[in-house]
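A closer look at the structure
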Amino acid sequence: MITLENVCAGYEGKTIVRNANVTFEPGNITVLIGPNGCGKSTLLKSIVRINPHTSGSIQIGNTPVEKLSTSKLAQNVAYLAQNKKAPDITVMKMVLHGRFAYLNYPRKYRAEDFEIAKKALKWAGMEEKSDEIVSKLSGGMQQKVYIAMALAQDADTILMDEPTTYLDIVHQLRLMEMAKALAQKGKAVVMVLHDLTQALEIADKVVVLKAGEIIAQGSPDEVYECGSLEKAFGIKIEKIKTEKGAYIWHYSRSL
């Protein structure tokens, strides 16, 4: 479990996130939403110390994040950044990178590392692609490779920053299915998403940010009913029940 209390974070001397209080719990999918530049990515980066927090507290389990070694942090938290450049290495070698946190210098893979990587690839449906070059794969397949690498990392929490970017609808749906499966395995899954419908349908908890502050958090229904989505995005949002009993979300440009 990851707990943030009164966290402020930013970069180049500029504070982007202010007084963030949120918990990411095992077995749950938490989705961060909000307008561009509101601090979603910065919040994730503060957890993995890419942009270290400047005040407040970030606890990984019961340990302050700054007291964890780089390898211990990686054993606890896997981070999938946005705009990743796919390397010219094989899928298997890429997934094995997830084992770095468990290796001493010089990094020499053990039999158990290969076994864990193979299981991760199989789980992600990429077992038959293990010898292919990552950069030559489609965007959807590359995303599966990164998911497999995160699985091989065997971290309790997986942070995904805009994981659906550039993916077609089929691969987006598959990614959402994989996120649900990860949560069912007991992982804490945290995602930044721009598609509100997708976010509201998949999330156990939604965290709404605006101008660097968390203005609401709770179940999709709770953040909808309190009006925080309309406040954050400046749009009218309606929850409509279909004839078959399902719900859809309808948006209009202005309130």
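Residues numbered from 1 in each chain as written. Predicted model: local features only at pLDDT ≥ 70, side-chain atom pairs only at ≥ 80, totals over all residues. Heavy atoms only, no water.

Right, let's get into the overall build of the chain. On a plain count of helices and strands, the chain comes out with nine helices and 12 strands. Considered along the principal axes of its C-alpha atoms, the chain spans approximately 60 × 45 × 30 Å. Counting only residues that meet the buried cut, the chain has 48% of its 255 residues in that class. Pairs at least 24 residues apart make up 62% of the contacts formed inside the chain by residues separated by at least 6 positions. Looking at the chain as shown, the accessible area adds up to about 13100 Å², and 47% of this sits on carbon and sulfur atoms. With 32 positive and 28 negative side-chain charges, the chain shows a spacing of 4 Å between the two charge centroids. (Helix = DSSP H or I, 4+ residues; strand = E, 2+ residues; numbered from the N terminus. Buried < 20%, exposed > 50% of the residue type's maximum accessible area, 1.4 Å probe, protein only. Contact = heavy atoms within 4.5 Å. Areas by Shrake-Rupley, 256 points an atom, 1.4 Å probe, with all protein chains shown as cover. Lys, Arg positive; Asp, Glu negative; His and termini not counted. Charge placed at Lys NZ, Arg CZ, Asp CG, Glu CD.)

In this section: the environment of Asp131. Looking at the secondary structure, you find Asp131 in the loop between α4 (111–123) and α5 (139–153). Using a relative accessible area of 66% as the deciding quantity, one classes Asp131 as exposed. In the structure, Asp131 is positioned 43 residues away from Arg174 in sequence and 22 Å away in space, judged by C-alpha atoms.

Here we come to the pattern of salt bridges. Across all of its chains, the model carries six salt bridges by this definition. Between Lys129 and Glu132 there is a salt bridge; the shortest N-O distance is 3.5 Å. On the basis of relative accessible area, Glu132 is assigned to the partly exposed category, the value being 33%. Two residues, Lys236 and Glu230, come together in a salt bridge whose shortest N-O distance is 3.8 Å. (Salt bridge = Lys/Arg side-chain N within 4 Å of Asp/Glu carboxyl O.)

Spatially, β6-β7-β8-β3-β9-β10 is the arrangement adopted by the six strands of the open sheet, whose pairing is mixed. Looking at strand neighbours, the two that pair on one side only are β6 (77–80) and β10 (213–218), the edges of this open sheet. Adjacent strand axes in the sheet meet at a mean angle of 15° when their direction is disregarded. Note: strand β7 (residues 157–161) against strand β8 (residues 188–192), five bridges, orientation parallel. Directly across from Asp161, in β8, lies its bridge partner Val192. Sheet strands in contact with helix α1 (residues 40–47) are β3 (29–33), β6, β7, β8 and β9 (205–210), and its direction is about 145° off that of β7. In the packing of helix α6 (residues 169–184) onto the sheet, contacts are made with β3, β7 and β8, and the angle to β8 comes to roughly 150°. (Pairing = 2+ DSSP bridges. Axes fitted to C-alpha atoms, helices over the stretch in contact; angles between N-to-C directions.)

It is worth spelling out the side chain of Ser46 at this point. Position of Ser46 among the secondary structure elements: in helix α1. Separated by 2.6 Å, the side chain of Ser46 and the backbone oxygen of Leu43 make a polar contact. The contacts of Ser46, once residues within four sequence positions are left out, are Ala9, Asn51, His53 and Ile58. (Polar contact = N/O pair within 3.5 Å; in protein donor to acceptor, adjacent residues only side chain to side chain.)

Across its 13 residues, α4 extends 19 Å between first and last C-alpha, which sits within 8% of the 18 Å expected from 1.5 Å per residue. All of the buried residues along α4 are Asp113, Ala117, Ala120 and Leu121. The arc that holds every buried residue of α4, seen down its axis, measures 100°, which confines them to one face. Opposite the packed face of α4, turned more than 90 degrees from it, sit the exposed residues Ala111, Lys119 and Lys122. Looking at the buried side of α4, the elements it contacts are α3 (91–96) and α5. (Expected span 1.5 Å × (residues − 1). Arc of directions from axis to C-beta.)

This brings us to a nonpolar patch on the surface. The grouping of Ile169, Val170 and Leu173 at the surface amounts to a nonpolar patch, some 280 Å² of accessible area in total. By the element assignment, Val170 lies in helix α6. (Patch = residues over 30% accessible without salt bridge, like charges linked within 9 Å, V, L, I, M, F, W, Y side chains within 5 Å.)

The next subject is α1. Within α1, seven of the eight residues are buried, leaving the element largely enclosed by the surrounding structure. Those residues of α1 lying buried are Lys40, Ser41, Thr42, Leu43, Leu44, Ser46 and Ile47. Looking at the residues trailing α1, positive phi occurs at Arg49, about 70°.

Attention now goes to the state of the cysteines. Taken as a whole and judged by the stated rule, the model has zero disulfides. Cys38 supplies the cysteine sulfur nearest to Cys8, a cysteine that is in no disulfide, at a spacing of 15 Å. (Disulfide = S-S within 2.5 Å.)

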